Amino acid sequence: MSGDLKIGILGAAGRMGQMNIRQVALTDGCVLAGAIARKGSEAVGQDAGLLAGVGLLDVPITEDAAKMISNVDVVVDFTLPDVAVEVAQLASQAKVALIAGTTGLSPEQETEYHKAAQYVPVVRAANTSVGVTLLIALAEQAAKLLDIEYDIEVLEMHHRHKIDAPSGTALALGEGLARGRGVELADVKQAVRDGHTGERRPGDIGFATLRGGDVAGEHEVIFAAEGERITLGHKASSRQVFAAGAIRAAVWTWRKSPGLYTMRHVLGFED
Ligand code: NAD
């Protein structure tokens, strides 16, 4: 029996699922131990490695998430909010670490991660890239240093298939900016502007969403004052950066205590 870290992937036929399978195959010390697709998906029964374009891995894609999760060390979930909630419950029951990458969960659904984190390590990351983790830290710091005269706007663009808005990353940036300002995002969030909106409310954090084509993910934070504008930004040109971060996070969870972690912990930005 090998001492490799056994990783299970949810959403094996999805854009990120396939990237994650590829990344596991490329990472020393890891082995793909299971891959789950949606029930009834054409991918069920196919070899996960062949489907992801990395050659035969001898891991058939299955549809029983509970069974798969009970046979792995860590599970990586990039699927849909309802699936994410179920995976959080299964991971905590099976005492399996969780990398939680799905976005668009309601605040109530997010509480499942807090519950699971009492029993297992959970890395909750709306964006697993190194660049965005750094961007959130920089944005928080800038918001702390700049006063309310600097209006904050978050602009994001993603591919046409994305189903939630603003993106989880834009909201994570908003949370960081609100932390920097010492306010609650819910009190200052301005996600939609349409029609006769009136003047901008001082202190609001605004969001603007663009959708189109195959954009992997672009985010910009704008601090706009009278006479000057500061912008911080990140552009992902490939989903590979998200998969690299997700599998790095999976490796990091090995022998970690239960708890709710972020990519800041994984990358050593925070103890
Ligand atoms: P996608 O639609 O390509 O993939 C989702 C997959 O989940 C689909 O193949 C779907 O069939 C599958 N699925 C549905 N129900 C399932 C079930 N019960 N069991 C297993 N699989 C099931 O979407 P995507 O672009 O891969 O994105 C997936 C999620 O990841 C989204 O929420 C997206 O915002 C998020 N995401 C996060 C990051 C990050 O860095 N954290 C990066 C990119 C995307």
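Predicted model, so just to flag it, every value in this text is computed and none were measured.

This part takes up the overall build of the protein. A count of helices and strands for the protein gives 10 helices and 12 strands. In terms of overall size, the protein behaves like a compact globule, its C-alpha atoms giving a radius of gyration of 19 Å where 271 residues would be expected to give roughly 18 Å. Along the first, second and third principal axes, the C-alpha set of the protein runs to 65 × 40 × 30 Å. Here the protein, with 271 residues, has 49% of them falling under the buried criterion. A fraction of 68% describes how many contacts in the protein between residues 6 or more apart in sequence connect residues 24 or more apart. In the protein, which carries 26 positive and 34 negative side-chain charges, the distance between the mean positions of the two groups comes to 3 Å.

Quick look at the site of the ligand now. Neighbouring the ligand are 22 residues, the closest being Arg15, Met16, Thr103, Thr128 and Lys162. Interatomic distance of 2.8 Å between a backbone N/O atom of Thr128 and an oxygen atom of the ligand. Here an oxygen atom of the ligand sits 2.9 Å away from a polar atom, N or O, in the side chain of Lys162. Bound to the protein, the ligand loses 81% of the 860 Å² it would expose on its own. Residues that form the shell around the ligand fall into these classes: 11 nonpolar, eight polar and three charged.

Another point: the side chain of Gln109. Examined against the element boundaries, Gln109 turns out to sit in helix H5 (residues 107-116). Within the structure, the side chain of Gln109 is placed 3.2 Å from the side chain of Asp82, a separation counted as a polar contact. Polar side-chain contacts of Gln109 include one of 2.9 Å to the backbone nitrogen of Ser106. Those residues in contact with Gln109 that sit more than four places away from it in its chain are Pro81, Asp82, Val85 and Gly104.

Next up on the list: the sheet that holds strand S2 (residues 30-36). With parallel pairing, seven strands are arranged side by side in an open sheet as S3-S2-S1-S4-S5-S6-S12. The open sheet has two edge strands with one neighbour each: strand S3 (61-62) and strand S12 (259-261). Its contacts with the sheet place H5 against strand S4 (74-77), strand S5 (97-100), strand S6 (121-124) and S12, and it is angled at close to 145° to S6.

Attention now goes to the pairing of S6. Neither face of S6 is exposed, since Pro121 and Val123 on one face and Val122 and Arg124 on the opposite face are all buried. As defined by bridge partners, S5 adjoins S6 across three bridges and the pair is classed as parallel. Note that in S6 the partner of Leu98 across the bridge is Val122. Following the backbone out of S5, through H5 and into the adjacent parallel S6, one traces a crossover that is right-handed. When S6 meets S12, the two strands line up parallel, connected through three bridges. Across the sheet, residue Pro121 finds its bridge partner in S12, namely Gly259.

Once that is clear, we can look at helix H6 (residues 130-145). Its 16 residues place the ends of H6 23 Å apart at the C-alpha level, agreeing with the 22 Å of an ideal helix rising 1.5 Å per residue. The complete set of buried residues in H6 reads Val132, Thr133, Leu135, Ile136, Ala139, Glu140, Ala142 and Ala143. Looking at the buried side of H6, the elements it contacts are strand S7 (151-158), helix H7 (168-181), strand S10 (217-225), strand S11 (228-236) and helix H10 (263-266).

Calculation criteria
- Residues numbered from 1 in each chain as written.
- Predicted model: local features only at pLDDT ≥ 70, side-chain atom pairs only at ≥ 80, totals over all residues.
- Heavy atoms only, no water.
- Helix = DSSP H or I, 4+ residues; strand = E, 2+ residues; numbered from the N terminus.
- Rg over C-alpha atoms; globule rule 2.2 N^0.38 Å.
- Buried < 20%, exposed > 50% of the residue type's maximum accessible area, 1.4 Å probe, protein only.
- Contact = heavy atoms within 4.5 Å.
- Lys, Arg positive; Asp, Glu negative; His and termini not counted.
- Charge placed at Lys NZ, Arg CZ, Asp CG, Glu CD.
- Near = heavy atom within 4 Å.
- Polar contact = N/O pair within 3.5 Å; in protein donor to acceptor, adjacent residues only side chain to side chain.
- Areas by Shrake-Rupley, 256 points an atom, 1.4 Å probe, with all protein chains shown as cover.
- Nonpolar A, V, L, I, M, F, W, Y, C, P; charged D, E, K, R; others polar.
- Pairing = 2+ DSSP bridges.
- Axes fitted to C-alpha atoms, helices over the stretch in contact; angles between N-to-C directions.
- Right-handed = clockwise from strand over helix to strand, strands pointing away.
- Expected span 1.5 Å × (residues − 1).

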